[in-house]
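The lines below spell out each chain.
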Amino acid sequence: MKREVFSIRTLFSAAMAAMIVTFVLIIGSLLSTFFAHSMQEAALSSTEEIITQVNSNLDFYISDIIGVSDYARNLARTTSNLAADDIRLRLEALIDSRDDLIRIAAFDMDGRTIVSTESERLWKPEDVVMEQWFRRARDGEGDFFFTGPHTQSLSPSEDLVISYSTVINYGDINRKTSPAVLLIDLNFNAVSNLSENVNLSSSGYIYIISNDGNIVFHPRMGEIGKGTFSEDLESVEEHVYGTYISEFEGRKRLTIIQTVSQTRWRIVGVAFMDELLHPLFFFRLTLVFLMITSIIVATFVSRGISNRLTRPLRILEAEMRDIKEGVSTTIPIPKSISKEVLSLYRSFNSMLSRIQELVAKVKNTEAVKRQRELDALQAKINPHFLYNTLDSVVWMAERGNNQGVVKMVTALASLFRISIAKGHDTITLKEELSHVRSYLEIQSMRYKDKFHFVIELPEDLENCPTIKLIVQPIVENSIYHGIKYLQDEGLISISVMEKDGKTIVISVKDNGVGMSADVAASLLDKNSSHQHLSDGNGIGLQNIDERIKLSYGDEYGLTIDSELDEGTEVIITIPKLNPITPVVIKR
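Along each chain, numbering runs from 1 in the same order as the chain's sequence is written. Residue-level local features of this predicted model are given only where pLDDT is at least 70; pairs of side-chain atoms are given and counted only at 80 or more, and the full residue set underlies all totals for whole chains, interfaces and linings. Calculated side-chain values reflect all of the structure's heavy atoms, with hydrogen atoms and water omitted.

A. Local environment of the pattern of salt bridges. By salt bridge we mean one thing: a side-chain nitrogen of Lys or Arg within 4 Å of a carboxyl oxygen of Asp or Glu. Counted by the stated rule, this structure contains ten salt bridges. Across the pair Arg112 and Asp108 runs a salt bridge, and its minimum N-O distance is 3.1 Å. Burial classes: relative accessible area under 20% of the type maximum marks a residue as buried, over 50% as exposed, and values in between as partly exposed (1.4 Å probe, protein chains only). Owing to a relative accessible area of 46%, Arg112 belongs among the partly exposed residues under this scheme. When salt bridges that share partners are traced, they join Asp64, Arg98 and Asp100 into one network.

B. A look at the side chain of Glu431. Labels follow the DSSP assignment, with helices taken as runs of H or I lasting at least four residues and strands as runs of E lasting at least two, numbered in each case from the N terminus. Of note, Glu431 is situated in helix H13 (residues 429-446). A relative accessible area of 6% means that Glu431 is categorised as buried. Any pair of nitrogen or oxygen atoms within 3.5 Å is treated as a polar contact; in protein, a donor-acceptor pairing is required on top of that, and neighbouring residues in sequence qualify only through side-chain atoms on both sides. Of the polar contacts made by the side chain of Glu431, one reaches the backbone nitrogen of Thr428; its length is 3.0 Å.

C. The arrangement of a positive patch on the surface in detail. Think of a patch as exposed residues, more than 30% relative accessible area, with no salt bridge, where like charges cluster within 9 Å and nonpolar side chains (Val, Leu, Ile, Met, Phe, Trp, Tyr) cluster within 5 Å. Per-residue accessibility takes into account occlusion by the displayed protein chains alone, with areas from the Shrake-Rupley method and a 1.4 Å probe. Under this rule, positive means Lys or Arg and negative means Asp or Glu; His and the chain ends count for nothing. A charged residue contributes its charge at one atom only: NZ of Lys, CZ of Arg, CG of Asp or CD of Glu. On the surface, Arg303, Arg308, Arg311 and Arg314 cluster together to form a positively charged patch. Looking at the secondary structure, you find Arg303 in helix H9 (residues 278-324).

D. Focus on a nonpolar patch on the surface. On the surface, Phe12, Val297, Val301, Ile305 and Leu309 cluster together into a nonpolar patch covering about 400 Å² of accessible area. The leading source of residues in the nonpolar patch is H9, at four residues. Looking at the secondary structure, you find Val297 in helix H9.

E. The arrangement of the nonpolar core in detail. What makes a nonpolar core is a set of buried Ala, Val, Leu, Ile, Met, Phe, Trp, Tyr and Cys residues whose side-chain atoms join them at distances within 4.5 Å. If you look at the biggest cluster of nonpolar residues, it comprises 45 residues, and the most contacted ones within it are Leu101, Ile104, Phe146, Ile184, Ile208, Trp265 and Ile267. Counting 41 residues, the second-largest nonpolar core is a separate cluster that includes Leu433, Leu440, Ile479 and Ile544.

F. Representation of the side chain of Ser562 in the model. Its place among the elements puts Ser562 in strand E17 (residues 557-563). At a separation of 2.9 Å, a polar atom in the side chain of Ser562 contacts the main-chain amide nitrogen of Met515. There is a polar contact of 2.7 Å between the side chain of Ser562 and the side chain of Thr568. If we ignore the near neighbours within four places in the chain, the residues touching Ser562 are Gly514, Met515, Ala520, Gly567 and Thr568. Here, residues are in contact when the closest pair of their heavy atoms is within 4.5 Å.

G. Quick look at the environment of Ile104. Position of Ile104 relative to the elements: it lies in strand E1 (residues 101-108). Residue Ile104 is classed as buried on the basis of its relative accessible area, which comes to 0%. Put simply, Ile104 and Ser163 are 59 residues apart on the chain and 9.8 Å apart in space, counted from C-alpha to C-alpha. Ignoring sequence-local partners within four residues, the contact set of Ile104 consists of Val68, Leu91, Leu94, Ile95, Val115, Ser116, Thr117, Leu182, Leu183 and Ile184.

H. View of the environment of Lys448. Looking at the secondary structure, you find Lys448 in the loop between H13 and strand E13 (451-456). On the accessibility criterion, Lys448 (68% relative accessible area) is exposed. Taking the C-alpha atoms as reference points, Lys448 and Glu489, separated by 41 residues in sequence, lie 9.8 Å from one another.

Purely geometric stuff here, so don't read any function into it on its own.
What follows is the structure, encoded as structure tokens:
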């Protein structure tokens, strides 16, 4: 019978991911539908508000024109008291005070001019009575009448005007009143300015049609006149008033129609649905992105939970494999663990208890031995360096250089911080290079203008672990055996980089006098006398190389590249391990 093998972690992850994906898809669909409806309602409400505001502005302007008409009407009634020239002068003064009024005139029912703001009466009665505005007012089609935009045929000007006409009564010198037609020509721009700067959407617009269906104003009036643009007047006539969505020339558009109360004109607002709902596209795109992200996160979360549940078994499996390969280790029991797995752990730990005791004893012996070796090396730090540093402090204090004293003492304290960190053989790269920086700052103050230094450490490598005191001895050799003998200013460059994701490379490079290839090769030779190139009190390069190999393996350590009169570069290679917490030294 074939055995069925499956992974609990995979099964659990798949089940949880399926549940979360289903939930996310349902919520996403509901949100998309709700947002689309809300956005359409908001777009409709916003567009209606704009149309209403334009309607209100236009209605207010019409009321103002009616007020002008009433003023002219009252003047006409006082003809018996005022001369026609006085009335004309008052009307001209009114026109001069406003940019929207072109002319005001009054005609009797036979088309003869009674009063006019035109300087010369060029209008013939037979032409006047043929004008639409005259006939509409005379025939009594409402209290007043507005024409669409046109050029006044009775005037030499070719400017577009909108004509307002109504019937008034005027009195003659015998106090007898007779009917007359009042004409007020309005600048077309005064009406168009109320509508053309309205922003309904990117390409939306507002236009005005008269009660007989003719266009009074349209932002693309010129194109309509040339026949290069057409307007959907049929649907407007069909709906008359209100809001509707239609399709015209391949685009869906929202049309809102309102009536200007005093003129019976209709304001038509056109906004294109693809532009109004354009944010919906980005919302849905964002929603899809969030859904995909949620699914990915959910997958990782479910994977993480399943990992957490199966982690004790996988740890136990790995530890058993190590035992099989001859590697002994301590198996901590996880805090969160099932009873069944706990029983397995206890049984396994019982089997390893004796082995662990023996291994712990061996490790303790090795640790004590290595710590004593390191302590012995640290105790050999050059006493002349400390003496010279303190002597420099005294010299600066005697000259009142308090800032220099503080800086050098602070650097000295930082320098010995790592040295006194007993029990911490491993520190972070940041701490190791901080120790080196303190040393270089002290030396740069002692050997003023003799050299400068540069230290480069990537932020993501700062907390990577290293055994301590592997860089400072190399820097010390660079100063005393490379830079010290230069006539010009020296440079010590320290840089850290990652290689292949598994190795950390530390480069210590100087532009000192250098050395021959034979001498460079002998520095790491156990049988050579060139182990530290100093007077015997420093930590030699061979000791550093041996400590690295002892800690990390023979594939790591030091390499030296040097050339006479060019400088020396020492390369330190150590493994890249998981970041650690920096050492905290109690004061």
